[in-house]
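Here is what each chain is made of, one letter per residue.
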Amino acid sequence: MKIEPADRVKDLPPYLFAAIDKMKRAARDRGVDIIDLGVGDPDLPTPPHIVEALRQAVANPEHHRYPSYMGMLSSRQAVCDFYARRFGVELSAEREALTLIGSKEGLAHFPLAMVNPGDLVLVPDPAYPVYATTTRFVGGEVFTYGLLPDQQFLPDLEGIPVDVADRAKIMIINYPNNPTGGVATLDDYARILRFAQQHDILVVSDLAYSEMFYDEPAPPSFLQLPGARERSMEFYSLSKTYNMTGWRVAYAVGNEQLVGALGKIKTNVDSGVFGAVQEAGVVALTGDQSCVDEMRNAYRRRRDLLMEGLRAMGLDVSPPRATFYVFARIPHGMDSMTFARRLLEEQGIVATPGVGFGERGEGYIRFALTVDEPRMAEAVERMKKITL
Ligand SMILES: *Cc1c(COP(=O)(O)O)cnc(C)c1O
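Before going into details, it helps to say that this report is about the structure given with it.

1. Thoughts on the pattern of salt bridges
- Within this structure, the stated rule accounts for 26 salt bridges.
- Residues glutamate 52 and arginine 55 are paired through a salt bridge, measuring 3.0 Å at the closest nitrogen-oxygen approach. Remark: arginine 55 and glutamate 52 occur in helix α3 (residues 48-57); sequence separation between them is three residues, near one turn of the helix.
- Of the residues examined, glutamate 52 reaches a relative accessible area of 34% and is grouped as partly exposed.

This is how it looks when you write it as structure tokens:
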């Protein structure tokens, strides 16, 4: 039968999140009142001034035709201005910035632009699953590197064998980190850049959570380092900062050749982001930023509430300095799927087993701060009833 899917589809690892969804649905059908701390999707709406900008832009007939492939210049300029203001990084909107249909799209197409069959890509473990999956789609080889729990989950560079490092073409990094909440300082980035320079590796930085932080100093951009632009590109998304996951708008910025190669792929597979969404994105980046402060305050309060519940269950965890995830070590050597099942079956709480983010995520569980304070308080009360 020629209806057989391609090997890259058949070779996809079993989707653990589908198993959790099934458990969730079954619990809901039994009438369980579920508190969902599983998904990394902001529960709060997009700020009204951004919604209003879309409402107005949608009526403009210019946006009813195909948008430009690389993104409107005003939209690319807005992200460059943000980089200048926030990170002191000067970028050319024409050559060093590209609008994406969300950073997941850019991350998924990037291997098509840069990875030949057999090329080696260094991917963190645990991690956002997209990096490894889409590298394998194009026949790239994945080497997963560990993260150091006692050091903000920074890359375990010493754990990467020298011959692997020498052969690697690309290293993917993500700070502030999903799922661990780890944060990199500029010194940490400098160490990663030195490693990349020594072994002639390109660095792809996923900066989706740069604005979701609770302590100063604010997380830096990898592009702040002198010399970074020679070998790196960064993905910056509006999804988490402005509660815009449904809108699909993000940017790739940095090295001109990397951005240009990704742009060439995109020219051949999609037709860019709806112009009205890009205009709303400009308003998000250039308008009043008090909504970002409010977002941080809301997550901070939820985070501090959740800590009490986790400690009551005997989980050893310190509050994350950034992201809306709490990544906690599970006691007594219990595996993460068993613990997730117990949370759901005993108390109706959904959390994500660490193993869903890679082998080295086993033994951990991830909670997302995506319910309001009363619900979080309720989750904490329920956690207090769990004896591990
Ligand atoms: C949420 C998230 C993104 C953002 O994805 P978009 O496609 O821009 O919505 C990127 N990277 C990581 C690690 C994320 O968790």
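2. Section: a nonpolar patch on the surface
- Taken together, Val9, Leu12 and Phe137 make up a surface patch of nonpolar side chains, about 230 Å² in accessible area.
- Structurally, leucine 12 is set in the loop between α1 (7-10) and α2 (16-29).

3. Some remarks on the site of the ligand
- As a matter of local geometry, the ligand sits amid 14 residues, with Asp206, Tyr209, Ser239, Lys240 and Arg248 nearest to it.
- Separating an oxygen atom of the ligand from a side-chain N or O atom of tyrosine 209 is a distance of 2.6 Å.
- Between arginine 248 and the ligand, the recorded distance is 2.6 Å, taken from a side-chain N or O atom to an oxygen atom.
- Protein contacts shield 95% of the accessible area of the ligand, which totals 390 Å² for the unbound molecule.

4. What to know about the sheet that holds strand β7 (residues 202-206)
- Pairing is mixed across the open sheet formed by eight strands, whose spatial order is β2-β9-β8-β7-β6-β3-β4-β5. The outermost strands of the open sheet, each flanked by one partner alone, are β2 (97-100) and β5 (154-155).
- In this sheet, β5 lies alongside strand β4 (residues 141-148) in antiparallel orientation, the contact comprising two bridges. Its bridge partner being in β5, leucine 147 is matched across the sheet by proline 155.
- Across the face of the sheet, helix α5 (residues 103-114) comes into contact with β2, β6 (168-173), β7, β8 (232-237) and β9 (250-254) while running at roughly 160° to β8.
- Sitting on the sheet, helix α9 (residues 256-269) touches β2, β7, β8 and β9, and the angle it makes with β2 is about 35°.

5. Section: the nonpolar core
- Leu37, Tyr83, Leu310, Ile365 and Phe367 are the most contacted members of the largest nonpolar core, which totals 91 residues.
- Here this core gets seven residues from one element, more than from any other, and that element is helix α11 (residues 290-312).
- When we break this core down by domain, the ones giving at least three residues each are domain 1 (7-45 + 290-383) and domain 2 (48-286).
- Within the second largest apolar cluster, 25 residues are counted, among which are Val121, Ile170, Leu258 and Val259.

6. Section: the packing of α2 against helix α12 (residues 336-347)
- Two numbers describe how α2 lies on α12: the axes approach to 11 Å, and their chain directions differ by 20°. By the angle class used here, α2 and α12 are roughly parallel. Classified by chirality, the crossing of α12 by α2 is right-handed. Of the residues in α12, those touching α2 at Leu16, Ala19, Ile20, Met23, Lys24 and Ala27 are Met337, Arg341 and Leu344.
- For the contact of α2 with α12, the class distribution of residues is seven nonpolar, no polar and two charged.

7. So, the pairing of β2
- Side-chain alternation along β2 places Ala97 and Thr99 on one buried face and Leu98 and Leu100 on a second face that is also buried.
- Direction of pairing for β2 relative to β9: antiparallel, over a ladder of four bridges. In the sheet register, leucine 100 faces β9, and the bridge partner there is alanine 250.

8. Considerations on the sheet that holds strand β10 (residues 325-329)
- Spatially, β10-β13-β12 is the arrangement adopted by the three strands of the open sheet, whose pairing is antiparallel. The open sheet is flanked by β10 and β12 (352-353), the only strands paired with a single partner.
- Looking at chain direction, β12 and strand β13 (residues 364-368) are connected through two bridges and run antiparallel. Bridging from a neighbouring strand, proline 353 pairs with isoleucine 365 of β13.
- Each of β10 and β13 touches α11; the most contacted strand, β10, lies at about 15° to it.

The rules behind these values
Residues numbered from 1 in each chain as written. Predicted model: local features only at pLDDT ≥ 70, side-chain atom pairs only at ≥ 80, totals over all residues. Heavy atoms only, no water. Salt bridge = Lys/Arg side-chain N within 4 Å of Asp/Glu carboxyl O. Helix = DSSP H or I, 4+ residues; strand = E, 2+ residues; numbered from the N terminus. Buried < 20%, exposed > 50% of the residue type's maximum accessible area, 1.4 Å probe, protein only. Patch = residues over 30% accessible without salt bridge, like charges linked within 9 Å, V, L, I, M, F, W, Y side chains within 5 Å. Areas by Shrake-Rupley, 256 points an atom, 1.4 Å probe, with all protein chains shown as cover. Near = heavy atom within 4 Å. Polar contact = N/O pair within 3.5 Å; in protein donor to acceptor, adjacent residues only side chain to side chain. Pairing = 2+ DSSP bridges. Contact = heavy atoms within 4.5 Å. Axes fitted to C-alpha atoms, helices over the stretch in contact; angles between N-to-C directions. Core = buried A, V, L, I, M, F, W, Y, C linked by side-chain atoms within 4.5 Å. Domains from an automatic or database assignment. Parallel < 35°, antiparallel > 145°, perpendicular 65-115°, else oblique. Left-handed = near helix turned anticlockwise from the far one by under 90°. Nonpolar A, V, L, I, M, F, W, Y, C, P; charged D, E, K, R; others polar.

Nothing here speaks to function; it is geometry throughout.
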